[in-house]
Amino acid sequence: MSDKGDAEEEPPHLLWGLDPVFKAFARLYVKDILQMRQSRQVPGIYFYKTHPVFQVDVLGTVVYRREREDFCCYGVDDSTGVINCLCWKDEKWRDFGDSVKGRGGGVFDAEEQLRKLREAQRSRMELDIGDVLRVRGTVKTSRQQREIMASCFYKVSDPVMAVQISRMLEMPSLYRDCYDRPFSVPPHQAGTAAAAEPGGLSDFQLLLGRAGRILKEFLREKEVARFRPYDVEYLLHPLLPRPAATPSVGQELPSAAPPFATQVWNLLKDSLKILQDEGEIFRKVLSPDEVYNVTEQDKDLLAAIMDVLREDSKREKYTEKGCHVLHVLSSVRQRYSRNLSREALQVALRLLECNSDIISTTDSHYTVL
Amino acid sequence: MLPAHATFYFPWEIRTDAIKDGTSLRTCWVFQRDPSAPFLCAQTLRLASYLPEESRAVLTCVRASVQHQVSVRTTFVEPFHPVIGAQYIVLGETEKAEGGDAILHARVLTCVDGVDVALLQKAVDEQRSFFKDRDGPGPE
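Rules used throughout
- Residues numbered from 1 in each chain as written.
- Chains lettered and ligands numbered in written order.
- Predicted model: local features only at pLDDT ≥ 70, side-chain atom pairs only at ≥ 80, totals over all residues.
- Heavy atoms only, no water.
- Helix = DSSP H or I, 4+ residues; strand = E, 2+ residues; numbered from the N terminus.
- Buried < 20%, exposed > 50% of the residue type's maximum accessible area, 1.4 Å probe, protein only.
- Contact = heavy atoms within 4.5 Å.
- Areas by Shrake-Rupley, 256 points an atom, 1.4 Å probe, with all protein chains shown as cover.
- Salt bridge = Lys/Arg side-chain N within 4 Å of Asp/Glu carboxyl O.
- Pairing = 2+ DSSP bridges.
- Core = buried A, V, L, I, M, F, W, Y, C linked by side-chain atoms within 4.5 Å.
- Buried area = accessible area lost by both parts, 1.4 Å probe.
- Polar contact = N/O pair within 3.5 Å; in protein donor to acceptor, adjacent residues only side chain to side chain.
- Nonpolar A, V, L, I, M, F, W, Y, C, P; charged D, E, K, R; others polar.
- 1 Å grid on protein atoms, 1.4 Å probe; cavity = no way out; pocket = protein on both sides within 12 Å on 5 of 7 lines; lining within 4 Å.
- Points joined across faces, edges and corners; volume = space filled by probe spheres on them.

Peer 1: Explain the overall build of chain A to me, please; I cannot follow it from the model alone.
Peer 2: A count of helices and strands for chain A gives 12 helices and 14 strands. Across the 369 residues in chain A, those meeting the buried criterion constitute 43%. In chain A, the share of contacts with a sequence separation of at least 24, taken over all contacts with a separation of at least 6, comes to 61%. Surface summary for chain A: the accessible area is close to 20,900 Å², and the carbon and sulfur share equals 53%.

Peer 1: Teacher, can you tell me more about the pattern of salt bridges here?
Peer 2: Opposite charge on two side chains permits pairing when their charged atoms draw close. This model, assessed by the stated rule, comprises 19 salt bridges over all chains. Taking the shortest distance from any N to any O, the salt bridge between Asp 289 of chain A and Arg 228 of chain A comes out at 2.8 Å. A residue pair is termed long-range when its members are at least 10 positions apart, and Asp 289 of chain A in the loop between β10 (281-282) and β11 (292-294) and Arg 228 of chain A in the loop between β9 (226-227) and α7 (229-232) qualify at 61 residues. Judged by relative accessible area, Asp 289 of chain A falls into the partly exposed class, the value being 35%. Given the relative accessible area of 30%, Arg 228 of chain A is considered partly exposed. When the shortest N-O distance is used, the salt bridge between Asp 135 of chain B and Arg 134 of chain B registers 3.1 Å. When its relative accessible area of 18% is taken as the criterion, Arg 134 of chain B is described as buried. Via salt bridges that share partners, Lys 31 and Asp 32 of chain A together with Arg 134 and Asp 135 of chain B belong to a single interconnected network.

Peer 1: Whenever I open this one, the sheet that holds β10 of chain A confuses me. Can you help?
Peer 2: Picture the strands of a sheet paired through backbone hydrogen bonds; they go either parallel or antiparallel. Residues and elements named next belong to chain A. On the basis of which strands lie adjacent, the open sheet formed by 3 strands has the order β9-β11-β10 and antiparallel pairing. Sheet topology places β9 and β10 at the edges, where each strand pairs with a single neighbour. Of the pairings in the sheet, the one linking β9 to β11 comprises 2 bridges and is antiparallel in character. Paired with Phe 227 across the strands is Tyr 292, a residue of β11.

Peer 1: Honestly, the nonpolar core in this entry has me stumped. Any pointers?
Peer 2: Here is a general trend for soluble globular proteins: nonpolar side chains tend to be buried in one another's company. Residue and element names in this part refer to chain A. Within the largest apolar cluster, 31 residues are counted, with the highest numbers of intra-cluster contacts made by Leu 28 and Tyr 74. Beyond its immediate sequence surroundings of up to four residues, Tyr 74 is in contact with Val 62, Tyr 64, Arg 65, Ile 83, Asn 84, Cys 85, Cys 87, Met 125, Glu 126, Leu 127, Leu 133 and Phe 153. If you look at the next biggest cluster of nonpolar residues, it comprises 24 residues, including Phe 282, Met 306, Tyr 336 and Ala 344.

Peer 1: Would you explain the environment of Gln 164 of chain A in this entry?
Peer 2: All names here are of chain A. The topology assignment puts Gln 164 in helix α4 (residues 162-179). The exposure class of Gln 164 is buried, given its relative accessible area of 12%. Sequence separation between Gln 164 and Leu 59 is 105 residues; the distance between their C-alpha atoms is 7.6 Å.

Peer 1: Looking at this structure, how should I read the interface of chain A and chain B?
Peer 2: It is common to give the size of an interface as the accessible area lost on bringing the parts into contact. On the side of chain B, 31 residues touch chain A, which itself brings 30 residues to the contact. Summing the contributions of chain A and of chain B, the shared interface buries around 2,500 Å²; its carbon and sulfur component is 64%. In this structure, the connection of chain A to chain B is made through 2 salt bridges. Inspection of the region where chain A meets chain B yields 5 residue pairs in polar contact (both at pLDDT 80 or more). At the level of secondary structure, the elements contributing two or more residues to the side of chain A that touches chain B comprise α2 (30-35), β4 (55-67), β5 (71-77), β6 (82-88) and α4 of chain A. Sort the elements by how many residues they give to the side of chain A that touches chain B and α4 of chain A lands first, with 6 residues. Classifying every residue of the side of chain A that touches chain B by side-chain character gives 16 nonpolar, 7 polar and 7 charged.

Peer 1: What's the story with empty space enclosed by the protein in this structure? I'm lost.
Peer 2: One simple way to see leftover space: roll a probe sized like a water molecule over the atoms. All names here are of chain A. Applying the stated rule across the entire model yields 1 cavity of 30 Å³ or more. Looking at the largest cavity, its volume works out to about 170 Å³. For the largest cavity, the lining is made up of 14 residues, of which Leu 59, Asp 78, Gln 164, Arg 167 and Met 168 are closest to its centre. Listing elements by their share of the lining of the largest cavity, those giving two or more residues are β4 and α4. With 4 residues, α4 is the single largest residue contributor to the lining of the largest cavity. Across the lining of the largest cavity, the residue classes tally to 5 nonpolar, 5 polar and 4 charged.

Structural data, given as structure tokens:
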């Protein structure tokens, strides 16, 4: 195939899912579909520049047609190349004769209308040379030839070429804005650390994951119930490369990267945010003094939940099913902390259930024995 | 076997293009998809231009007050009902006819009467300039 793209490095397959092109039907020129290089990691995946592609969307004129019993092969020409499209015939048209005859008369006949609708649908699936075909499907290579295995195809009625023209006008900008650009991580995900790290997303995500694990491990091991961010900040120091030890206080290099302390602080803040979102930790009161409670170690919280469940499960309304999780949440919020997140409550409920203090009756109802 | 792809050419480009590359392989297979060729404007040309017995049609278009004319062999697309004065798009191969003129052997001849020619021209130009920017100038 072409040696044009070989210079581009193939990204690791774990990151493919982050590229929106991967999940979309890529609207590529047939020329590019024919020249895309195959992935070295996963068969059936192709690369247009740095974008992994396995399904495409093509519009063009049918210039070749070969019919078989089960399928039709159409050669589709979009003026940059011709590609074979394998279109399966639908089973339901197989024995589609004119079994239902028009009954005549001006009476509305649902069956007749349905037949007409089916007829119209079927006529869209049968193409001849010269028709315009739109096809979506996966790219395959069989016998050294690229082809498209159609998952959806239909004849486009385009008497004044409006559809073809608008596509021709659209494609160059689509290429310029999307396919020809190397995939980069949206800045809000990468955060500040990614700017400092050359690897962009992968490095920062890995770092964040590692920081989260370190914090969780520490909290579990030491059975920490409450902490302030600066208590745990030192744990993250080994994760970031320390600047070369320069005794001079004045910054010699006005480097683009933020100073070490800021990097650590940002990483810590992001990690704590993730832990909060997971419900591992929560802040009991929102005060300038940033104190985090560790959900599983918060005896008062667990007691409050138990109290709510014990009291309310007795009430007639809840005897049968137990209390809904949202009911527990609002009661605990009133009783204990208005700032408790649902995620944190779930973590606490899971712990209580593991300890057999409570049981779940449905996936969102809990009761005590 | 799939046929080669058909690049867009405007009617006024066909003649020069075909003759310039007269000997290269590509030439015999210069594929034309002729966008804005009105099928024989009856007002401007008096003679009837579809000759069924010869399987030959003539398409003309006027650009910058110069009339361009393309002969089309229609053996592959018959039977064929000509609409005199309508706009057609032709997809096919150029061949050298006797007398040195290029004749287009049509594989697809579609009536696209009412097409926005200016917009089509813009779309073709856009596509060409995109490929020129990306792939650099062609081999010629």
